[in-house]
Amino acid sequence: MQQHPHTRGRTSGRFAGLTAALAAVVALTTLDGPGAHAADNPYERGPAPTESSIEALRGPYAVSDVSVSSLSVSGFGGGTIYYPTSTADGTFGAIAVSPGFTAYQSSISWLGPRLASQGFVVFTIDTNTTLDQPASRGDQLLAALDYLTQRSSVRGRIDSSRLGVMGHSMGGGGSLEAAKDRPSLQAAIPLTPWNLDKTWPEVRTPTLIFGADGDTVAPVSTHAEPLYTGLPSSLDRAYLELNGATHFTPNSSNTTIAKYSISWLKRFIDNDTRYERFLCPLPQRSLTIEESRGNCPHTS
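Quick caveat, the model's predicted, so the values are computed rather than measured.

Trainee: In this structure, what is going on with the state of the cysteines? I would like to understand it.
Mentor: Put plainly, two cysteines are in a disulfide when a covalent bond ties their sulfur atoms together. Counted under the stated rule, the structure contains one disulfide. Here Cys280 is linked by a disulfide to Cys296, with a sulfur-sulfur distance of 2.0 Å. The S-S bond linking Cys280 to Cys296 shows a torsion near -80°; that makes this disulfide left-handed. Taken together, the residues span a long stretch of sequence, with Cys280 in the loop between helix 8 (255-269) and strand 9 (289-294) and Cys296 in the segment after strand 9 at a distance of 16 residues. Since its relative accessible area comes to 13%, Cys280 is described here as buried.

As structure tokens, this is what we get:
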């Protein structure tokens, strides 16, 4: 039977519309990768992570650095800024890192290029004196972030609303002090921290504390563990104790520290939930991890 010409037109039009709708659905369900996620999260930077990408010595971004003289700043002792060379992806979150008691920025310098190559601006600092206590180091971390976002040569590359702090030993204790004093910080990572204050009810910043099972300078039983339990139980917090490690393990390149630090910074500074799977469920005991604790899943 021959179809009426108008009927044929309506049928072909409906078919064309159905085809277009199906194509749109297929496009939406197959679209993946950085562009798809970035549409939902404007802070996301870099390709989708893998176990090997966060354990690698370098991430996807080429890195440049600039030295900052102590004579050109106030409130801290200068340092080195490491930053992604490309500006194609827009601005980045930023982290200031403090060394420990009697130490210089060289003791934590490995973190600079390693973190920056994953899509952060990283400022490894020297303190005013090597004997500065945690409260002073906390103030200096904040002064360094203020310099970084307001006066530094790379300030245009930084999103000043997405900042974090790290530190080793007394610098780790200082990172807690900084988080207490500036609740707007997005992440804090104390590395084998030392601080006489064990209670931190004021902290609102997601905090990852690294301890070391062989630490005799700041034993985990009197520092890292009580510092962790002293944080609010409702806070996104985690404790990771390194196995076969000492107080000074964070002073040299360490894959376990890098892997979980990158994941923590990405998750909370960049709001990048692609990294949640490396943090939750909690890491299992292994050759490099003695134990882990934390709040999973994360809510921030």
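Having seen the structure, we can now continue with the description.
Trainee: Please explain the nonpolar core as it appears in this structure.
Mentor: Taken as a class, soluble globular proteins show a tendency for nonpolar side chains to be buried jointly. Counting residues in hydrophobic clusters, the biggest one holds 38 residues, and the most contacted among them are Phe76, Ile81, Val121, Phe123, Leu145 and Leu148. Put simply, the parts of the chain that give this core at least two residues each are strand 2 (79-84), strand 3 (92-98), strand 4 (120-125), helix 5 (134-150), strand 5 (158-168), helix 6 (170-181) and helix 7 (224-229). A per-element tally of this core places helix 5 first, with seven residues. In contact with Phe123, other than residues within four places in its own chain, are Val68, Phe76, Gly78, Gly79, Thr80, Ile81, Ile95, Ala96, Val97, Ala144, Tyr147 and Leu148.

Trainee: In this structure, what is going on with the packing of helix 5 against helix 6? I would like to understand it.
Mentor: Two measures define how a pair of helices packs: the angle their axes make with one another and the distance between the axes. Running from amino to carboxyl end, helix 5 crosses helix 6 at an angle of 65°, the nearest separation of the two axes being 7 Å. In this structure, helix 5 crosses over helix 6, and the sense of that crossing is right-handed. Touching Pro134, Ala135, Arg137, Gly138, Asp139, Leu141 and Leu142 of helix 5 are Met170, Gly171, Gly173, Gly174, Ser175, Glu177, Ala178 and Asp181, all from helix 6. Taken together, the residues of the contact of helix 5 with helix 6 break down into six nonpolar, five polar and four charged.

Trainee: Would you take a moment to explain the layout of surface pockets for this structure?
Mentor: The gaps left among the atoms become clear once a water-sized probe is rolled over them. Counted as a void, the largest pocket has a volume near 160 Å³. For the largest pocket, the full set of lining residues is Gly100, Phe101, Thr102, Ala103, His168, Ser169, Met170, Trp194, Val217, His247, Phe248 and Asn251. Looking at the lining of the largest pocket residue by residue, the classes come out as six nonpolar, six polar and no charged.

Trainee: Looking at this model, I keep getting lost on the pattern of salt bridges. Mind explaining?
Mentor: Opposite charge on two side chains makes pairing possible when the charged atoms of those side chains draw close. Under the counting rule described, the total for this entry stands at 13 salt bridges. Notably, a salt bridge pairs Glu290 with Arg285, separated by 3.2 Å at the nearest N-O pair. Look at Arg285 and you get exposed, because its relative accessible area is 63%. Each of Asp159, Arg162, Lys266 and Asp270 takes part in a single network of salt bridges with overlapping partners.

Trainee: What am I meant to see in the packing of aromatic side chains here?
Mentor: For any pair of aromatic rings, the description rests on two quantities: the centre-to-centre distance and the angle between the ring planes. As enumerated under the stated definition, the model contains seven aromatic pairs in all. Between the aromatic rings of Phe123 and Tyr147, the centroid separation amounts to 6.2 Å while the plane-to-plane angle is 40°, which identifies the pairing as tilted. One end of the pair, Phe123, is in strand 4; the other, Tyr147, is in helix 5, with 24 residues separating them in the sequence. Each member of the pair, Phe123 as well as Tyr147, carries the same accessibility label: buried. Look at Tyr228 and Tyr239: their rings are 6.0 Å apart centre to centre, the planes differ by 40°, and that puts the pair in the tilted class. Here Tyr239 lies in strand 8 (residues 237-242) and Tyr228 lies in helix 7, a separation of 11 residues in the sequence.

Trainee: Any chance you could explain empty space enclosed by the protein here in plain terms?
Mentor: In the structure shown here, the tally under the stated rule is one cavity of 30 Å³ or more. Put simply, the largest cavity is a space of about 100 Å³. Lining the largest cavity are 16 residues, and of these Leu208, Ala238, Leu279, Leu282 and Pro283 lie nearest its centre. Elements represented by at least two residues in the lining of the largest cavity include exactly strand 8, helix 8 and strand 9. Per element, the largest residue contribution to the lining of the largest cavity is four residues, and it comes from strand 8. Looking at the lining of the largest cavity residue by residue, the class counts come to 10 nonpolar, four polar and two charged.

Trainee: How should the sheet that holds strand 7 (residues 207-212) be read in this particular structure?
Mentor: Either a parallel or an antiparallel arrangement is found when strands of a sheet pair, and the pairing is made through backbone hydrogen bonds. The strand order 1-2-4-3-5-6-7-8-9 describes an open sheet built from nine strands, whose pairing is mixed. Across the chains shown, the open sheet's two edge strands, defined by having one partner strand only, are strand 1 (63-68) and strand 9. Strand-to-strand twist of the sheet, defined as the mean angle between neighbouring strand axes without regard to direction, takes the value 15°. Of the pairings in the sheet, the one linking strand 5 to strand 6 (residues 187-191) comprises five bridges and is parallel in character. Paired with Gly167 across the two strands is Pro190, which belongs to strand 6. Against the sheet, helix 6 contacts strand 3, strand 5, strand 6 and strand 7, and its axis sits at roughly 145° relative to strand 5.

Rules used in this analysis
- Residues numbered from 1 in each chain as written.
- Predicted model: local features only at pLDDT ≥ 70, side-chain atom pairs only at ≥ 80, totals over all residues.
- Heavy atoms only, no water.
- Disulfide = S-S within 2.5 Å.
- Helix = DSSP H or I, 4+ residues; strand = E, 2+ residues; numbered from the N terminus.
- Buried < 20%, exposed > 50% of the residue type's maximum accessible area, 1.4 Å probe, protein only.
- Core = buried A, V, L, I, M, F, W, Y, C linked by side-chain atoms within 4.5 Å.
- Contact = heavy atoms within 4.5 Å.
- Axes fitted to C-alpha atoms, helices over the stretch in contact; angles between N-to-C directions.
- Left-handed = near helix turned anticlockwise from the far one by under 90°.
- Nonpolar A, V, L, I, M, F, W, Y, C, P; charged D, E, K, R; others polar.
- 1 Å grid on protein atoms, 1.4 Å probe; cavity = no way out; pocket = protein on both sides within 12 Å on 5 of 7 lines; lining within 4 Å.
- Points joined across faces, edges and corners; volume = space filled by probe spheres on them.
- Salt bridge = Lys/Arg side-chain N within 4 Å of Asp/Glu carboxyl O.
- Phe/Tyr/Trp six-rings, centres within 6.5 Å; stacked < 30°, edge-to-face > 60°.
- Pairing = 2+ DSSP bridges.

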